[in-house]
Amino acid sequence: MSGKAKEILQMDLYGLLGIESSATTKEIKKAYRQKALTCHPDKNPDNPKAAELFHQLSQALEVLTDAAAKAAYDKIRAAKKQAEERNKKLDDKRKKIKLDLEARERRAEAQSQEEVQIARTLEEEIARLREEGSRQLEEEQRLIREQIQREREAQQQPGNYTQRGGERYSQSNVTPKLKLKWKCKKDDELNGGYSQDVLLKLLHKYGDVLNVIVSSKKKGSAVVEFASVRAAELAVKNESGLSGNPLKITWLEGQPEVVAAASQTGHFMSSQGSLSNERDYETVVMMRMRQAAERQRLIEEMQREDDEEAAES
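Residues numbered from 1 in each chain as written. Predicted model: local features only at pLDDT ≥ 70, side-chain atom pairs only at ≥ 80, totals over all residues. Heavy atoms only, no water.

Some details on the packing of helix α4 (residues 48-64) against helix α7 (residues 135-155)
Between two packed helices, both the angle of their axes relative to each other and the distance between the axes serve to describe the pair. Contact geometry of α4 with α7 gives a least axis separation of 8 Å together with a crossing angle of 135°. In terms of axis orientation, α4 runs oblique to α7. Between α4 and α7 lies a crossing of right-handed hand. Where α4 approaches α7, its residues F54, S58, L61 and E62 are matched on the opposing element by Q136, L137, E140 and Q141. (Axes fitted to C-alpha atoms, helices over the stretch in contact; angles between N-to-C directions. Helix = DSSP H or I, 4+ residues; strand = E, 2+ residues; numbered from the N terminus. Parallel < 35°, antiparallel > 145°, perpendicular 65-115°, else oblique. Left-handed = near helix turned anticlockwise from the far one by under 90°. Contact = heavy atoms within 4.5 Å.)

This is the structure:
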């Protein structure tokens, strides 16, 4: 059994969301949204327990909103409850004759085999969800990100810095980019199990992905461009890729650098206030032009690297 399946089996998914096992999909999504908003990593950047709880809530949503995965989980949950009830009654029944005890042990063994089979089914459903991506989870996390963004815009925080704990991190104008590597043989037409769609499904849950470039010549290599540094940081920290062929993720551009506290270095760049509609429009146009130029430069750079490696081989 995979580690992911064991982790889910140790949790009470219904209790985690605070719902009954008879809850509808609509009720499950509503409970997830309410709890996930309070512990989203973007709202709790310095609280690792909040990030862990958000991860567990996401796992609960993935399983309970997928009919096949939920059915497998419910079977194991019911089997565990039956086993607990048997154990409670066991002490009293020890006084019964040996033949009765042996018969019960044989039934328990058969039940255990059935539980193993159900666990395998759940593991297969979890693996399928991992490969296909969870549409329900992606949609709910997108809604949460949008709500958090609206809250941030309402606060209108000044400056060109973001605060985390007791330190500030500079915000670069360069969009964050990560380099992805994985094991892949040169003649592998499936590219080690990774395609642009697979990478998008794996990485979209951390934030908006602007671009994914899979190298056409260098097997097992790609570059992803995120819309925000926070999304890139979460991907570097948490994403491991496919269980059979893990990803190695490193920073390529836009990694944040810690800057000194205001009391040690003087003052930070002050806010320039709200811009007029005309200046806002010009800023957006210039930013998109820079992003387009960066993506084109990145594509050309990857092509040059591929050509150089092809020439060397």
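A short note on the confidence of the model for the chain
With 80% of its residues at a pLDDT of at least 70, the chain reaches an overall mean of 80. Taken element by element, the chain is modelled with least confidence in helix α10 (residues 262-265), mean pLDDT 42, and with most confidence in strand β3 (residues 177-181), mean pLDDT 95. (pLDDT = per-residue confidence, 0-100.)

Considering the environment of L90
One can find L90 in helix α5 (residues 67-93). With a relative accessible area of 28%, L90 lands in the partly exposed category. As a C-alpha pair, L90 and R104 span 14 residues in sequence and 9.9 Å in three-dimensional space. (Buried < 20%, exposed > 50% of the residue type's maximum accessible area, 1.4 Å probe, protein only.)

Details of the side chain of Q59
With respect to the element layout, Q59 can be found in helix α4. Using a relative accessible area of 2% as the deciding quantity, one classes Q59 as buried. Those residues within four positions of Q59 in sequence are excluded, and the remaining contacts are K4, E7, I8 and M11.

Details of the sheet that holds strand β8 (residues 248-253)
As summarised here, the arrangement of the 4 strands in space is β4-β5-β3-β8, forming an open sheet in which the pairing is antiparallel. The open sheet terminates on both sides in strands that have one partner only, identified here as β4 (209-214) and β8. Taking the axes of each pair of neighbouring strands and ignoring which way they run, one obtains an average angle of 25° across the sheet. Helix α8 (residues 196-203) rests against β3, β4 and β5 (221-226) of the sheet, and its axis sits at about 145° to β4. (Pairing = 2+ DSSP bridges.)

Things to note about the pattern of salt bridges
In the structure shown here, the tally under the stated rule is 14 salt bridges. For E125, the salt bridge identified is with R128, shortest N-O distance 2.9 Å. Of this pair, E125 and R128 both sit in helix α6 (residues 98-132), separated by 3 residues, roughly a single helical turn. Between E253 and K177 there is a salt bridge, and its shortest N-O distance comes to 3.1 Å. With E253 in strand β8 and K177 in strand β3, this residue pair connects regions lying 76 residues apart in the sequence. Overlapping salt bridges bring together D42, R230 and E233 as one network. (Salt bridge = Lys/Arg side-chain N within 4 Å of Asp/Glu carboxyl O.)

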